[in-house]
Amino acid sequence: MNIVQVRNIKLGEGLPKICVPIVGSTKEEILQQAEEIVKLDIDIIEWRADWFDGVFDAEAVHEVLCALRKLLEETPLLFTFRTAKEGGEKEISSSDYLDLNRKVAGTTLADLIDVEAFFEEETVRTLIKLAHEKGVKVVASNHDFEKTPVKEEIINRLRKMQELGADLPKLAVMPQCKQDVLTLLSATLEMHEKYADRPIITMSMADDGAISRMVGEIFGSALTFGSAKKASAPGQWEVSELKQVLEIIHNRLKG
């Protein structure tokens, strides 16, 4: 298993790292949230730019990135435009999606960008290549808000993300029953033990899936998402509680 290092954070060893999203609609809201989140015991901050009213204005996006980079100092920043079809706030064309992420990666103000793995393969491969040329890491993501695929499909999707060259494959699914949560965890463990050569990120959403956000160290998920105030996905835990549970599990595993 290769470790992925982003600034001073090493993903793939020790406790699962905690990422907290910023979901403001204006520059002022975004920076206010960032000021609050950076004080917390977290590892990565995600800017969910699909919430931002000015996301299609390149200059406005650059201004926010500059301000965030200054405020966050050495805390890694993940830039994410989540498309509407995967649970995001806005629709976006293929060309705009490519252009937005290309420009953000080019600034190197964000340490990671999120690329939806099944957006369009040519676009995905192009963005991963461009990001890596700039030294920016890529989270290849897929979100299923309707169901939990069968175990084999979960593994296939994660392996595809790895084949595309993503640094961190990420899959989030919606459970329809508690058995679905076990399916996600079992698939994560098999992927981690048999196929993964890099850290992976998985989670089962909503209340039933909340346990999956806490047991990544056992099953092989390297990062989990928590909330400071407003959650960006169903089932996210508040950061301080999440950190406490992760530490308890980590200490018990160490014996």
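Since this is a predicted model, take the numbers as computed values, not measurements.

Draft legend 1. A look at the packing of helix 5 (residues 151-164) against helix 6 (residues 178-195). Look at helix 5 against helix 6: their axes get within 9 Å of each other, and the N-to-C directions meet at 45°. In this view, helix 5 runs oblique relative to helix 6, as classed from their interaxial angle. The handedness of the crossing between helix 5 and helix 6 comes out as right-handed. For the pair helix 5 and helix 6, the contacting residues are Lys151, Ile154, Ile155, Leu158, Arg159 and Gln162 in the first and Thr183, Leu184, Ser186, Ala187, Glu190, Met191 and Tyr195 in the second. Partitioned by chemical class, the residues of the contact of helix 5 with helix 6 number seven nonpolar, three polar and three charged.

Draft legend 2. Local environment of the UniProt feature "active site" (unreviewed entry) in the chain. Per the UniProt record, "active site" (unreviewed entry) is found at His143 and Lys170. Look at the named residues: they lie 28 residues apart in sequence, but the longest C-alpha span between them is just 8.5 Å, so in the fold they bunch up. Residue position: His143 is located in strand 7 (residues 137-144). On the secondary structure map, Lys170 appears in strand 8 (residues 168-173).

Draft legend 3. Molecular detail of the UniProt feature "binding site: 3-dehydroquinate" (unreviewed entry) in the chain. According to UniProt, the "binding site: 3-dehydroquinate" (unreviewed entry) feature falls on Glu46, Trp47, Arg48, Arg82, Arg213, Ser232 and Gln236. Mapped onto the elements, Arg48 comes out in strand 4 (residues 44-48). For Arg48, a relative accessible area of 5% corresponds to the buried category. On the basis of relative accessible area, Arg213 is assigned to the buried category, the value being 2%.

Draft legend 4. Broad picture of the pattern of salt bridges. Inspection of the entire model under this criterion finds 18 salt bridges. Close ionic contact of Arg7 with Asp111 constitutes a salt bridge, the shortest N to O distance being 2.8 Å. Taken together, the residues Arg7 in the loop between strand 1 (4-6) and strand 2 (9-11) and Asp111 in the loop between helix 3 (94-107) and strand 6 (112-116) connect sequence positions 104 residues apart. With relative accessibility at 12%, the residue Asp111 sits in the buried group. For the salt bridge of Lys160 with Glu121, the shortest nitrogen-to-oxygen distance reads 3.4 Å. Linking Lys160 in helix 5 with Glu121 in helix 4 (residues 121-133), this pair joins segments that are 39 residues apart in sequence. By relative accessible area, which is 26% here, Lys160 ends up partly exposed. Under the relative-accessibility criterion, Glu121 is labelled partly exposed at 40%. Through salt bridges with shared partners, a single ionic network connects Arg7, Arg69, Glu74 and Asp111.

About the criteria used
- Residues numbered from 1 in each chain as written.
- Predicted model: local features only at pLDDT ≥ 70, side-chain atom pairs only at ≥ 80, totals over all residues.
- Heavy atoms only, no water.
- Axes fitted to C-alpha atoms, helices over the stretch in contact; angles between N-to-C directions.
- Helix = DSSP H or I, 4+ residues; strand = E, 2+ residues; numbered from the N terminus.
- Parallel < 35°, antiparallel > 145°, perpendicular 65-115°, else oblique.
- Left-handed = near helix turned anticlockwise from the far one by under 90°.
- Contact = heavy atoms within 4.5 Å.
- Nonpolar A, V, L, I, M, F, W, Y, C, P; charged D, E, K, R; others polar.
- UniProt positions renumbered as here; feature names shortened; annotations may be inferred.
- Buried < 20%, exposed > 50% of the residue type's maximum accessible area, 1.4 Å probe, protein only.
- Salt bridge = Lys/Arg side-chain N within 4 Å of Asp/Glu carboxyl O.

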